[in-house]
Amino acid sequence: MILDDTDRRILAVLQRDTSLPLDDIGAAVNLSRNAVWRRIRLLEEAGVIRARVALLDAEKLGLGLTVFLMVRTNDHRPDWLARFAKATRDMPEILGAYRMTGDLDYLIRARVADVKAYDALYQQLTRRVDLADVSASFVMEELKDTTALPL
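What you are looking at is a predicted structure, and each value in this text was computed from that prediction instead of being measured. (Residues numbered from 1 in each chain as written. Predicted model: local features only at pLDDT ≥ 70, side-chain atom pairs only at ≥ 80, totals over all residues. Heavy atoms only, no water.)

## Describing helix H5 (residues 115-128)
With 14 residues, H5 should cover 20 Å at 1.5 Å per step; its first-to-last C-alpha distance of 20 Å lies within 8% of that length. Taken together, the buried positions of H5 are occupied by Tyr 118, Leu 121 and Leu 125. Projected onto a plane normal to the axis of H5, the buried residues spread over an arc of 60 degrees and lie on a single side. For H5, the exposed residues set more than 90 degrees away from the buried face come down to Lys 116 and Arg 127. On its buried face, H5 sits against strand E1 (65-72), helix H4 (78-90), strand E2 (94-99), strand E3 (106-112) and strand E4 (133-138). (Helix = DSSP H or I, 4+ residues; strand = E, 2+ residues; numbered from the N terminus. Expected span 1.5 Å × (residues − 1). Buried < 20%, exposed > 50% of the residue type's maximum accessible area, 1.4 Å probe, protein only. Arc of directions from axis to C-beta. Contact = heavy atoms within 4.5 Å.)

This is the structure in structure tokens:
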């Protein structure tokens, strides 16, 4: 799908607030309600809009600790990767898992209540897949965290 400037403006509005009425989105991008609805539907059908979600406050939900796990493995076979990917998908504390270039094999971003909860996450992960080395860094201050893509 080729996006035009109007599509990008609609997406920018939706990234800020998906609960806005179509009339408000239309006013922001200078389109009618029906035109906005058609474009949003096409963006959803094309997979540009994957989901409409609520962004929750992790602190208020008792998940005050963000942790990054740096993972190294000695096993790079497809079956190991499948088990690792399944483990990370199945653990709700894990918000992101990425295969990396360089010295690091994988980077995991997780959100937990505290260090004790991190230890439980670590124990669960290492029971599910063999890892050569895991080190963790805890976020002391969050300077920026956004889901908005640069359009």
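## A closer look at the sheet that holds E2
Read from one edge to the other, the open sheet built from four strands follows the order E2-E3-E1-E4, with strand pairing classed as antiparallel. Each end of this open sheet is capped by a strand with a single partner; those strands are E2 and E4. The sheet shows a mean angle of 20 degrees between the axes of neighbouring strands, taken without regard to direction. Contacts between H4 and the sheet are confined to E1, E2 and E3, with E3 contributing the most and set at about 20 degrees to the helix. (Pairing = 2+ DSSP bridges. Axes fitted to C-alpha atoms, helices over the stretch in contact; angles between N-to-C directions.)

## Details of the side chain of Thr 66
Residue position: Thr 66 is located in strand E1. A residue is classified by how much of its surface remains accessible, and Thr 66, at 10% relative accessible area, is buried. At a separation of 2.9 Å, a polar atom in the side chain of Thr 66 contacts the side chain of Arg 111. Residues within four places of Thr 66 in sequence aside, it is in contact with Arg 109, Ala 110, Arg 111, Ser 137, Phe 138, Val 139 and Glu 142. (Polar contact = N/O pair within 3.5 Å; in protein donor to acceptor, adjacent residues only side chain to side chain.)

## What about helix H2 (residues 22-29)?
What H2 keeps buried is the set Leu 22, Ile 25, Gly 26 and Val 29. With its buried residues spanning 100 degrees around the axis, H2 presents them on a single face. Exposed positions of H2 whose direction lies more than 90 degrees from the buried face are Ala 27 and Ala 28. The secondary structure elements touched by the buried residues of H2 are helix H1 (5-16) and helix H3 (33-45). Asn 30 lies just past H2 and shows a positive phi near 65 degrees.

## Points about the pairing of E3
For E3, the tally of buried residues reaches six of seven residues, placing the bulk of the element in the interior. Relative to E3, E1 is paired through seven bridges, and the arrangement is antiparallel. Opposite Met 70, over in E3, you have Leu 107 as the bridge partner. Where E2 folds back onto E3 in an antiparallel hairpin, the turn is made up of six residues, including Gly 102, whose phi is positive at roughly 85 degrees.

## Here's the deal with the layout of surface pockets
Taken as a whole, the largest pocket spans an internal volume of roughly 970 Å³. If you go around the largest pocket, you meet 29 residues; those closest to its centre are Ala 58, Leu 95, Arg 109, Arg 111 and Asp 145. Those elements that provide at least two residues to the lining of the largest pocket are E1, E2 and E3. For the lining of the largest pocket, the per-class residue count stands at 16 nonpolar, four polar and nine charged. The computed volume of the second largest pocket comes to approximately 740 Å³. Lining the second largest pocket we find 16 residues, and of these Gln 15, Arg 50, Ala 51, Val 53 and Thr 147 sit closest to its centre. Classifying every residue of the lining of the second largest pocket by side-chain character gives nine nonpolar, three polar and four charged. (1 Å grid on protein atoms, 1.4 Å probe; cavity = no way out; pocket = protein on both sides within 12 Å on 5 of 7 lines; lining within 4 Å. Points joined across faces, edges and corners; volume = space filled by probe spheres on them. Nonpolar A, V, L, I, M, F, W, Y, C, P; charged D, E, K, R; others polar.)

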